[in-house]
Each structure stands twice: as structure tokens, then as C-alpha cells.
Amino acid sequence: MKSTIYLKCPQCREHGLLIERQGKYFCANCMYDYTQLNDDRGKLDEILLENIREGGFGFPFSAALYERVTLVSPQDAMEYVKRLAEDNNIELMPSKGIF
């Protein structure tokens, strides 16, 4: 497996590895298809926000998910998720000031 991205799955509600199979991305626990979120950006934003709120690696993992689902560049994904967090009053690593 190439992925080391762990997310809270919207289907099984567990934290699980994001796996890639034939160009699609799935939850390793329940095989929820994250790729379908490209057609439901509202649901995608909900999932991103839930994972950002988890703290820790929630922000970079959310950006990685956004990048894979929408096929944008890594920089565009980071900027989108950062903006999403700011629009929802979520501070990203405030003590370090990285983002």
C-alpha cells in the first residue's frame, strides 16, 4: 500500500487508512468510496471539516484527500483546505504559526 493517510470515515465512523484501487480511493475499513465525493462538494467539505477538527494530522490529511478526490495540485489543495478552515473559524496549528 502506498498511502499513509488516515481519516475518519463518514460511513463506518472509524479512523482508517485511505487506500487507492484502480484510480479510486477507499476506506480500508469499510471500502467507502471517497472518489464519489467529487460529485458532492458539500459532503466533501463536511468530511474535510470533520477531519480538520480532529487536530494533529487532520489538516494535511484533509488536504491530501481533497487533492486526490478533485485532482488539484497539492498547493491548491492546501490553500483550499486552509480557506475552508478559516471560513469555519478553525485555527490550524496556532502555536506554531505554520499555516
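Residues numbered from 1 in each chain as written. Predicted model: local features only at pLDDT ≥ 70, side-chain atom pairs only at ≥ 80, totals over all residues. Heavy atoms only, no water.

Trainee: Explain the state of the cysteines to me, using residue names and the numbers behind them.
Mentor: Under the defined criterion, the tally for this structure stands at 0 disulfides. Free cysteine: C9, not disulfide-bonded; nearest cysteine sulfur from C30 at 3.6 Å. Judged by relative accessible area, C9 falls into the buried class, the value being 0%. (Disulfide = S-S within 2.5 Å. Buried < 20%, exposed > 50% of the residue type's maximum accessible area, 1.4 Å probe, protein only.)

Trainee: So what about the packing of aromatic side chains? Which residues, and what values?
Mentor: In total, this model carries 3 aromatic pairs according to the counting rule given. Taking 5.2 Å as the distance between ring centres and 90 degrees as the angle between the ring planes, the aromatic pair formed by Y32 and Y34 counts as edge-to-face. Take Y34: its relative accessible area is 2%, and that puts it in the buried class. Ring centres of Y66 and Y80 lie 4.2 Å apart, and the angle between their planes is 5 degrees; this geometry places the pair in the stacked category. (Phe/Tyr/Trp six-rings, centres within 6.5 Å; stacked < 30°, edge-to-face > 60°.)

Trainee: Describe the pattern of salt bridges, and please don't skip the residues or the numbers.
Mentor: The full count for this structure, using the stated rule, is 3 salt bridges. The shortest N-O distance in the salt bridge between K8 and E50 comes to 3.5 Å. With a gap of 42 residues between them, K8 in strand β1 (residues 6-8) and E50 in helix α1 (residues 41-53) connect regions that are remote in the sequence. In this structure, the salt-bridge partner of K24 is D33, at a minimum N-O distance of 3.9 Å. (Salt bridge = Lys/Arg side-chain N within 4 Å of Asp/Glu carboxyl O. Helix = DSSP H or I, 4+ residues; strand = E, 2+ residues; numbered from the N terminus.)

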